Amino acid sequence: MGTLEIIRIVVTVIFIIVSIALAGIVLMQEGKSAGLGTISGAAESYWGKNKGRSMEGMLVKITRVLAVVFMVMAIVLNMSIF
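Residues numbered from 1 in each chain as written. Predicted model: local features only at pLDDT ≥ 70, side-chain atom pairs only at ≥ 80, totals over all residues. Heavy atoms only, no water.

**So, the overall build of the protein chain**
When its secondary structure is counted, the protein chain shows four helices and zero strands. Traced from its N-terminal end to its C-terminal end, the protein chain shows the element sequence α-α-α-α. Within the protein chain, the proportion of its 82 residues that are buried is 17%. Across the protein chain, every contact between residues at least 6 apart in sequence was considered, and the portion connecting residues at least 24 apart equals 81%. Accessible surface, the protein chain: about 6300 Å² in total, of which carbon and sulfur atoms supply 71%. (Helix = DSSP H or I, 4+ residues; strand = E, 2+ residues; numbered from the N terminus. Buried < 20%, exposed > 50% of the residue type's maximum accessible area, 1.4 Å probe, protein only. Contact = heavy atoms within 4.5 Å. Areas by Shrake-Rupley, 256 points an atom, 1.4 Å probe, with all protein chains shown as cover.)

Here it is as structure tokens:
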């Protein structure tokens, strides 16, 4: 077994783990329609100002990072370098 085959197997396993994590994080997020009833006062509330520090804000940041990692790894795996 060559070095490139081992690297491809490791990258594939990491890709599968990232895929599962991305699906789990997306399912943990609240729907955007949940906040439509509070449109008028949500922007001025404490949670509206500090959305990035809340659990939902953290899930959004993790989703973005995992999505970028997912896309980069999909492109790398699709290339015929291994």
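After that view of the structure, there is still more to cover.
**A short note on the packing of aromatic side chains**
Evaluation of the coordinates by the stated rule reveals one aromatic pair. Ring centres of Phe15 and Phe70 lie 4.9 Å apart, and the angle between their planes is 20 degrees; on these two criteria the pair is classed as stacked. With a gap of 55 residues between them, Phe15 in helix α1 (residues 3-28) and Phe70 in helix α4 (residues 55-78) connect regions that are remote in the sequence. Overall, Phe15 belongs to the buried group, its relative accessible area being 18%. (Phe/Tyr/Trp six-rings, centres within 6.5 Å; stacked < 30°, edge-to-face > 60°.)

**Considerations on the nonpolar core**
Core analysis: the largest hydrophobic core is formed by nine residues, namely Val11, Phe15, Val18, Leu22, Ile25, Leu59, Leu66, Met73 and Leu77. Mapped by element, the contributors of at least two residues to this core are α1 and α4. When residues of this core are assigned to their parent elements, the largest contribution, five residues, is made by α1. Residue contacts for Leu22: discarding those within four places in its chain leaves Thr63, Leu66, Ala67 and Phe70. (Core = buried A, V, L, I, M, F, W, Y, C linked by side-chain atoms within 4.5 Å.)

**So, a nonpolar patch on the surface**
A cluster of nonpolar side chains, Met1, Ile6, Ile9, Val10, Val13, Ile14 and Ile17, forms an exposed patch at the surface whose accessible area comes to about 680 Å². With respect to the helices and strands, Val10 occurs in helix α1. (Patch = residues over 30% accessible without salt bridge, like charges linked within 9 Å, V, L, I, M, F, W, Y side chains within 5 Å. Salt bridge = Lys/Arg side-chain N within 4 Å of Asp/Glu carboxyl O.)

**Points about α1**
Between its first and last C-alpha, α1 extends 38 Å over 26 residues, near the 38 Å set by a 1.5 Å rise per residue. Along α1, the residues classified as buried are Val11, Phe15, Val18, Leu22 and Ile25. At its buried positions, α1 is contacted by α4. (Expected span 1.5 Å × (residues − 1).)

**Considering α4**
Every α-helix carries 3.6 residues per turn, so stepping three or four residues along brings you back to the same face. Helix length check: α4 (24 residues) gives 34 Å between terminal C-alpha atoms against 34 Å at 1.5 Å per residue, within 8%. Listed in full, the buried residues belonging to α4 are Glu56, Gly57, Leu59, Thr63, Leu66, Met73 and Leu77. Contact partners of the buried residues in α4: α1.

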